Amino acid sequence: MVNEMQKLLDEYAKWLKDRTTLKQINEWVEITTPFVDRHNDLIQFYVKKDGEKYLLSDDGYTLNDLEQNGCKLTTPKRKDLLKLILNGFGATEDNGQILLSATQENFAFQKHNMVQALLAINDMFFLSAPTVASLFYEDVVEWLDTRDIRYTPNVQFTGRSGYLHSFDFVIPKSRRQPERILRAIANPDKNAAQMLAFAWFDTKDVRASDAKAYAILDDTERKVPHDVQDALANYEVKPVKWSERDSVEEELVA
């Protein structure tokens, strides 16, 4: 069995060597690997001599590709996730470039880390819906905390229909403002709007008569459709785009 596994490993090493190509571009050497990204394009990066070491760079392609395809890593949580990935492979990010440093002794190891880092970052495009929702929820929590907005998280109310409805945050009544109920929507589409509209329509009669509802809508990576905002407003839910969140700060902090 050991001999069989050794043969397979030798064949893998040969495949990797045969399918890796090199091309001189000025002071850099372009390395094309047999590994593919989500576009089915071959993973490429560049290497140049840096003193006694070697500098490996993707020339900014990976992060630029994510941004051009609507996956912007601009929020604190997304930046933290990117940093976590980079740290795992000993890589860094500088002005959009993914960088690694290698010596002659560990070059093969660092080359492998570079490929793995680029593949892992590329996979951030496929963040699952629950993960995206969790990231956005945490962004909203961070914003509320930094603005000193008092809230109770993850509250459930029973509506007049007897159904139980969950809301992300409840800000208690103050001398200047009534009770405010918030839900963070990471994917603000028609279905999400209808679900929140029904939840609030069913709930508001069992809350104080002047209670208000807000929908915090993530527009980081795409615009919120007007019909989504209109549907919420028609049911007395105030739509608040994430990019315009500061417009309601005074209403919430009071």
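Anything mentioned here points back to the structure above.
This is a predicted model, so every value here is computed, not measured.

Asks: Provide a residue-level description of the packing of helix 3 (residues 76–88) against helix 4 (residues 107–122), including the pertinent values.
Replies: Where helix 3 contacts helix 4, the two axes come as close as 9 Å, and the packing angle between them is 160°. With respect to their mutual orientation, helix 3 and helix 4 come out roughly antiparallel. In the packing of helix 3 onto helix 4, the handedness of the crossing is right-handed. Taking contact as the criterion, the partners of Leu82, Ile85 and Leu86 in helix 3 are, on helix 4, Ala117, Ala120 and Ile121. In terms of residue class, the contact of helix 3 with helix 4 is made up of 6 nonpolar, no polar and no charged.

Asks: Break down unusual backbone geometry for me, citing the residues and quoting the values.
Replies: A positive phi is found at Asp59, a non-glycine position, where the angle reads about 60°. The topology assignment puts Asp59 in the loop between strand 4 (53–57) and helix 2 (61–68). You will see that Asn154, though not glycine, has its phi angle at about 50°, which is positive. Positionally, Asn154 belongs in strand 7 (residues 152–158).

Asks: Tell me about the pattern of salt bridges, and please be specific about residues and values.
Replies: A full pass over the atoms with the stated rule returns 10 salt bridges. Among the ionic pairs, Lys241 bridges to Glu244, the shortest N-O distance being 3.5 Å. Of the residues examined, Lys241 reaches a relative accessible area of 22% and is grouped as partly exposed. A residue is classified by how much of its surface remains accessible, and Glu244, at 41% relative accessible area, is partly exposed. Within this structure, Arg147, Asp246 and Glu249 form a network of salt bridges that share partners.

Asks: For the sheet that holds strand 10 (residues 212–217), give the residues involved together with the corresponding values.
Replies: Strand order in the open sheet made by the 5 strands is 7-8-9-10-11, with mixed pairing throughout. If you trace the sheet from one side to the other, it starts and ends with strand 7 and strand 11 (237–241), each paired once. Across the sheet, the mean angle from the axis of one strand to that of its neighbour is 40°, orientation sign disregarded. Bridge count between strand 9 (residues 180–185) and strand 10: 6 bridges; the pairing is parallel. Looking at the pairing, Ile185 lines up with Leu217 of strand 10. Along the sheet, helix 6 (residues 190–203) makes contact with strand 7, strand 8 (164–171), strand 9, strand 10 and strand 11, crossing strand 8 at roughly 85°. Contacting strand 10 and strand 11, helix 7 (residues 226–234) crosses the sheet at an angle of about 150° to strand 11.

Asks: Before we move on, could you go through the nonpolar core and cite the residues and values that matter?
Replies: For soluble globular proteins, nonpolar side chains are generally found buried alongside one another. By size, the foremost hydrophobic cluster in this structure holds 24 residues, and its most contacted members are Phe45, Ile98 and Ile121. Contributing elements (two or more residues each) for this core: strand 2 (28–36), strand 3 (42–50), helix 2, helix 3, strand 6 (97–102) and helix 4. With 5 residues, the top contributor of residues to this core is helix 4. Not counting the four nearest positions on each side in its chain, Phe45 is found in contact with Val29, Glu30, Ile31, Thr33, Leu56, Ser57, Asp58, Lys111, Met114, Val115 and Leu118.

Asks: Any chance you could break down the sheet that holds strand 1 (residues 21–25) for me, citing the residues and the numbers?
Replies: Ordered in space as 1-2-3-4-6-5, the 6 strands form an open sheet in which the pairing is antiparallel. In this open sheet, the two strands that pair with only one neighbour each are strand 1 and strand 5 (92–94). Strand after strand, the sheet turns through a mean of 35° between neighbouring axes, direction not considered. Relative to strand 6, strand 4 runs antiparallel, the two being bridged by 4 bridges. The residue bridging Leu56 from the neighbouring strand is Leu100, located in strand 6.

Asks: I'd like a rundown of a negative patch on the surface, residues and numbers included.
Replies: Together, Asp80, Glu142, Asp145 and Asp148 make up a negatively charged patch on the protein surface. You can see Glu142 is positioned in helix 5 (residues 129–146).

Asks: Break down the side chain of Gln177 for me, with residues and values.
Replies: Within the element layout of this structure, Gln177 appears in the loop between strand 8 and strand 9. The class for Gln177 is buried, based on a relative accessible area of 16%.

Asks: A description of helix 7 should follow, citing residues and the corresponding values.
Replies: Looking only at helix 7, the buried set comprises Val228, Gln229 and Leu232. Projected down its long axis, helix 7 carries its buried residues within an arc of 95°, all on one side. Within helix 7, the exposed residues directed more than 90 degrees away from the buried face are His226 and Asn234. Looking one or two residues past helix 7, Glu236 carries a phi angle of roughly 65°, positive in sign.

Rules used in this analysis
Residues numbered from 1 in each chain as written. Predicted model: local features only at pLDDT ≥ 70, side-chain atom pairs only at ≥ 80, totals over all residues. Heavy atoms only, no water. Axes fitted to C-alpha atoms, helices over the stretch in contact; angles between N-to-C directions. Helix = DSSP H or I, 4+ residues; strand = E, 2+ residues; numbered from the N terminus. Parallel < 35°, antiparallel > 145°, perpendicular 65-115°, else oblique. Left-handed = near helix turned anticlockwise from the far one by under 90°. Contact = heavy atoms within 4.5 Å. Nonpolar A, V, L, I, M, F, W, Y, C, P; charged D, E, K, R; others polar. Salt bridge = Lys/Arg side-chain N within 4 Å of Asp/Glu carboxyl O. Buried < 20%, exposed > 50% of the residue type's maximum accessible area, 1.4 Å probe, protein only. Pairing = 2+ DSSP bridges. Core = buried A, V, L, I, M, F, W, Y, C linked by side-chain atoms within 4.5 Å. Patch = residues over 30% accessible without salt bridge, like charges linked within 9 Å, V, L, I, M, F, W, Y side chains within 5 Å. Areas by Shrake-Rupley, 256 points an atom, 1.4 Å probe, with all protein chains shown as cover. Lys, Arg positive; Asp, Glu negative; His and termini not counted. Charge placed at Lys NZ, Arg CZ, Asp CG, Glu CD. Arc of directions from axis to C-beta.

Purely spatial values, then, with no claim about function.
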